[in-house]
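Secondary and tertiary structure notes
Spelled out from the first residue to the last, the chains are:
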Amino acid sequence: MNVDLSAAASFMATHARVLDRRRFELLFGETDAGSVLAALDGYRNPDGGYGWGLEPDLRAPESQPAGALHAFEVFEDIAPATTPHAARLCDWLASVSLPDGGLPFALPVTDTSGCAPFWAQADPTVSTLHSTAFAVCGALRVAAYDPAVAAHPWLDRATRYCLTAIEAIGDRPHAIALSFAIRFLDAASETRPEADALLGHLRRFIPDDGLLPVEGGAADEMIRPLDVAPVPGRPARTLYDRGVVDTELNRLAAGQQDDGGWLVDFTSYSPAAALEWRGYRTVSGVSILRQNSVLGQGHHSTSAE
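Before going into details, it helps to say that this report is about the structure given with it. (Residues numbered from 1 in each chain as written. Predicted model: local features only at pLDDT ≥ 70, side-chain atom pairs only at ≥ 80, totals over all residues. Heavy atoms only, no water.)

For the protein, the helix and strand inventory stands at 14 helices and four strands. Computed over C-alpha atoms, the radius of gyration of the protein comes to 18 Å, within 12% of the 19 Å expected from 2.2 N^0.38 for 305 residues, which places it in the range of a compact globule. Reported as C-alpha extents along the three principal axes, the dimensions of the protein are approximately 50 × 45 × 40 Å. The buried share of the protein, reckoned over its 305 residues, is 55%. Partitioning the contacts of the protein with sequence separation of at least 6, the portion at a separation of at least 24 is 64%. (Helix = DSSP H or I, 4+ residues; strand = E, 2+ residues; numbered from the N terminus. Rg over C-alpha atoms; globule rule 2.2 N^0.38 Å. Buried < 20%, exposed > 50% of the residue type's maximum accessible area, 1.4 Å probe, protein only. Contact = heavy atoms within 4.5 Å.)

And the structure:
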């Protein structure tokens, strides 16, 4: 597997937003948690939530559940360091949760410029497993390091909502919703003994090749095994044969483009979002390859064997 990390760094410098440049540097110990959090603060609102395009296809300023997902990713990046903004984000999530403990897919958007229709047209009065799971799975991973998040009442209530909703699944869910349900159960397995049985409940929806076509998405858009189970040794990884994972790691490494970055296979809804997603994907791709021992620790070497 040949991966040119110097070219990836050049791509990030040329095209990526500051937040993802800082996250990329953090992967290799070239910046600190404070610098990453300073970049994230540009997306933070006074209510404690995150908007302003932190989710690249949702460019409106209002705080959104999707913004919470990406903020928790950053809080996980900086672990074991913590920030009080993580618990304050839980406060905001509690304030916008619906009576059943779930989150709506998205909250109302006042200016839909550059926003994907599925965000702009979401019903804010209905809870969805999709959005609740993607916020909670990130919060659970942060909670492993941050006692204030672990003890937050919102997290327990939203976790119970997700467990109940997953137990009730009968027919195959949408691929993206299924992927976040699995990621949620993977994170919940640390503290919720019922998570492992529920993971078995979802196993029947994973085909032998591990590929989940995204209904209504771009042509050939797929949720792939490393999107669902990026970290070796985790419960979610047991859903996939070793050969499938090895094939996907080879595919990921081979996906680096001539400009040094990686692509996404889904539709972006503005030119800015298209580039921002590529920067985000490059950070995640390099991170996954490192976590799976495909890459070394520094990006001065130009290949990984």
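Additional details are given in the paragraphs that follow.
Taking 1.5 Å of rise per residue, the 15 residues of helix H7 (residues 129-143) would be expected to cover 21 Å, and the 20 Å separating its terminal C-alpha atoms lies within 8% of that figure. Extensive coverage of H7 is indicated by the burial of 14 of its 15 residues. (Expected span 1.5 Å × (residues − 1).)

What follows is about the layout of surface pockets. To find the voids left in a structure, one rolls a probe of water-molecule size over its atoms. Approximately 200 Å³ is the volume attributed to the second largest pocket. Taken together, Leu 140, Ala 143, Ala 144, Ala 150, Leu 155, Asp 156, Thr 159, Ala 187, Glu 190, Thr 191 and Arg 192 make up the lining of the second largest pocket. If you list the elements that add at least two residues to the lining of the second largest pocket, you get H7 and helix H9 (153-167). For the lining of the second largest pocket, the per-class residue count stands at six nonpolar, two polar and three charged. (1 Å grid on protein atoms, 1.4 Å probe; cavity = no way out; pocket = protein on both sides within 12 Å on 5 of 7 lines; lining within 4 Å. Points joined across faces, edges and corners; volume = space filled by probe spheres on them. Nonpolar A, V, L, I, M, F, W, Y, C, P; charged D, E, K, R; others polar.)

Another point: empty space enclosed by the protein. Within this structure, the stated rule accounts for two cavities of 30 Å³ or more. Counted as a void, the largest cavity has a volume near 50 Å³. Lining the largest cavity, in full, are Phe 75, Glu 76, Ile 78, Ala 79, Ala 81, Thr 82, Thr 83, Ala 86, Arg 141, Val 142, Tyr 145 and Asp 146. If you list the elements that add at least two residues to the lining of the largest cavity, you get helix H4 (65-77) and H7. Looking at the lining of the largest cavity residue by residue, the class counts come to seven nonpolar, two polar and three charged. By volume, the second largest cavity is sized at about 30 Å³. Lining the second largest cavity are Gly 51, Gly 53, Leu 54, Glu 55, Leu 58, Ala 60, Glu 62, Gln 64 and Gly 67. The residue inventory of the lining of the second largest cavity, partitioned by class, reads three nonpolar, four polar and two charged.

On to unusual backbone geometry. The step from Ala 79 to Pro 80 runs through a cis peptide bond, and the omega angle for that step is 10 degrees. Inspection of the secondary structure puts Pro 80 in the loop between H4 and helix H5 (84-96). In this structure, Ser 293 is a non-glycine residue whose phi angle is positive, near 60 degrees.

Mapped onto the elements, Leu 263 comes out in the loop between helix H13 (242-254) and helix H14 (271-291). Leu 263 sits 150 residues away from Ser 113 along the chain, and the two C-alpha atoms are 23 Å apart. If we skip the residues at most four places from it in the chain, Leu 263 touches Gln 257, Arg 278 and Arg 281.

Two numbers describe how H7 lies on helix H10 (residues 175-188): the axes approach to 8 Å, and their chain directions differ by 30 degrees. Classified by the angle their axes make, H7 and H10 are roughly parallel. Judged by the sense of rotation from one axis to the other, the crossing of H7 with H10 is left-handed. Here Leu 129, His 130, Ala 133, Phe 134, Val 136, Cys 137, Leu 140 and Arg 141 of H7 lie close against H10, whose contacting residues are Ile 176, Ala 177, Phe 180, Ala 181, Arg 183, Phe 184, Ala 187 and Ala 188. (Axes fitted to C-alpha atoms, helices over the stretch in contact; angles between N-to-C directions. Parallel < 35°, antiparallel > 145°, perpendicular 65-115°, else oblique. Left-handed = near helix turned anticlockwise from the far one by under 90°.)

Positionally, Arg 224 belongs in the loop between strand E4 (222-223) and helix H12 (225-228). The residues contacting Arg 224, other than those within four sequence positions of it, are Gly 210, Leu 211, Glu 248 and Arg 251.

Going through the model one piece at a time under the given rule, you end up with zero disulfides. Cys 90 forms no disulfide, and the closest cysteine sulfur to it belongs to Cys 137, at a distance of 13 Å. (Disulfide = S-S within 2.5 Å.)

Centre-to-centre distance and the angle between the planes together describe a pair of aromatic rings. One pass over the full model with this rule turns up ten aromatic pairs. Relative to Phe 75, the ring of Phe 72 has its centre 6.1 Å away and its plane inclined at 75 degrees; by these criteria the two rings are edge-to-face. Linking Phe 72 with Phe 75, this pair stays in helix H4, spanning three residues, or about one helical turn. Of the two residues, Phe 72 and Phe 75, neither departs from the other in class, the shared state being buried. (Phe/Tyr/Trp six-rings, centres within 6.5 Å; stacked < 30°, edge-to-face > 60°.)

Time to look at helix H3 (residues 33-40). Within H3, the full set of buried residues consists of Ala 33, Val 36, Leu 37, Ala 39 and Leu 40. All buried residues of H3 lie within an arc of 155 degrees about the axis, which places them on one face of the element. Where the residues of H3 are buried, they touch helix H2 (18-27) and H4. (Arc of directions from axis to C-beta.)

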